[in-house]
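Structural characterization, general
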Amino acid sequence: MTKAAPFKRYAIALSVALLLAGCSQSQVENSADSAADPGHASGEHGSGSSAGLPNGRVAAGEARAQVKGKATGQSCIDCHGADGNKPIDPTYPKLGGQYGDYLAHALQAYRAGDRQHALMTPQATDLSDQDIADLAAYFGSRPSQLRDLHGLK
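Residues numbered from 1 in each chain as written. Predicted model: local features only at pLDDT ≥ 70, side-chain atom pairs only at ≥ 80, totals over all residues. Heavy atoms only, no water.

**Thoughts on the overall build of the protein**
Scanning the protein from N- to C-terminus turns up six helices and zero strands. The buried share of the protein, taken over its 153 residues, is 35%. Sequence separation of 24 or more characterises 60% of the internal contacts of the protein that already satisfy a separation of 6 or more. Element-wise, carbon and sulfur atoms account for 59% of the exposed surface of the protein, whose accessible area totals about 9300 Å². (Helix = DSSP H or I, 4+ residues; strand = E, 2+ residues; numbered from the N terminus. Buried < 20%, exposed > 50% of the residue type's maximum accessible area, 1.4 Å probe, protein only. Contact = heavy atoms within 4.5 Å. Areas by Shrake-Rupley, 256 points an atom, 1.4 Å probe, with all protein chains shown as cover.)

This is the structure in structure tokens:
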């Protein structure tokens, strides 16, 4: 065995450990629990936020979802429904039960102009980091009507 072999094994073991840590339960939600979980963007459950946001507050998010935006005169619930599951247009996404981090990253991208939508980009422009964390926590805590491919044959 060469002198480099133990180092390579150590490097491989360290790489595997880092990959497993990246896929740990703090980063992956069980879909059965998502309706009761405000999402990782809320900063709850000790997981922090991959979006780099402060702790989200569900009650504050619910209140913020009702505030009419200056840009469009609409609130989140005007377009997506009170629990995020009844959009006024079938092309608008259902937000209820969505992963909080996904919602937070989307709102941050709209705010930064990296993601463009005629209504959402101007709506997100004035949102603070706390607003985004709160909205993500609120909509992430709502019951989900989202479907995925789990259980399909």
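**Quick notes on helix α6 (residues 129-141)**
For α6, built from 13 residues, the straight-helix expectation of 18 Å at 1.5 Å per residue is met to within 8% by its first-to-last C-alpha distance of 18 Å. Of all the positions in α6, only Asp131, Ile132, Ala133, Asp134, Leu135, Ala136, Ala137, Tyr138, Phe139, Gly140 and Ser141 are classed as buried. Looking at the buried residues of α6, the elements they touch are α2 (58-64), α3 (76-80) and α4 (100-112). (Expected span 1.5 Å × (residues − 1).)

**A word on α4**
Over its 13 residues, α4 runs 18 Å from end to end, which matches the ideal 18 Å to within 8%, given 1.5 Å per residue. Of the residues making up α4, those classed as buried are Gly100, Asp101, Leu103, Ala104, Ala106, Leu107, Gln108, Ala109 and Tyr110. Where α4 is buried, its residues meet α5 (120-124) and α6. Looking one or two residues past α4, Gly113 carries a phi angle of roughly 85°, positive in sign.

**Points about the pattern of salt bridges**
Close approach of charged atoms allows side chains with opposite charge to pair. Within the structure shown, the criterion is met by four salt bridges. Across the pair Arg64 and Asp131 runs a salt bridge, and its minimum N-O distance is 3.6 Å. Of this pair, Arg64 sits in helix α2 while Asp131 sits in helix α6, and the two are 67 residues apart along the sequence. Among the ionic pairs, Lys68 bridges to Asp78, the shortest N-O distance being 2.6 Å. One end of the pair, Lys68, is in the loop between α2 and α3; the other, Asp78, is in helix α3, and ten residues separate them in sequence. Taking the relative accessible area as the measure of exposure, Asp78 reaches 23% and is therefore partly exposed. (Salt bridge = Lys/Arg side-chain N within 4 Å of Asp/Glu carboxyl O.)

**Structural notes on the packing of aromatic side chains**
Within the structure shown, the criterion is met by one aromatic pair. For the ring pair Tyr138 and Phe139, a centre distance of 4.9 Å and an interplane angle of 65° mean the geometry is edge-to-face. Of the residues examined, Phe139 reaches a relative accessible area of 3% and is grouped as buried. (Phe/Tyr/Trp six-rings, centres within 6.5 Å; stacked < 30°, edge-to-face > 60°.)

**Points about the environment of Asp78**
Considering only alpha carbons, one finds Asp78 and Gln66, twelve residues apart in sequence, at a separation of 7.8 Å. What Asp78 contacts, discounting residues up to four positions off in sequence, is Lys68, Gly73 and Ile88. Among the polar contacts made by the side chain of Asp78, one reaches the side chain of Lys68 at a distance of 2.6 Å. (Polar contact = N/O pair within 3.5 Å; in protein donor to acceptor, adjacent residues only side chain to side chain.)

Nothing here speaks to function; it is geometry throughout.
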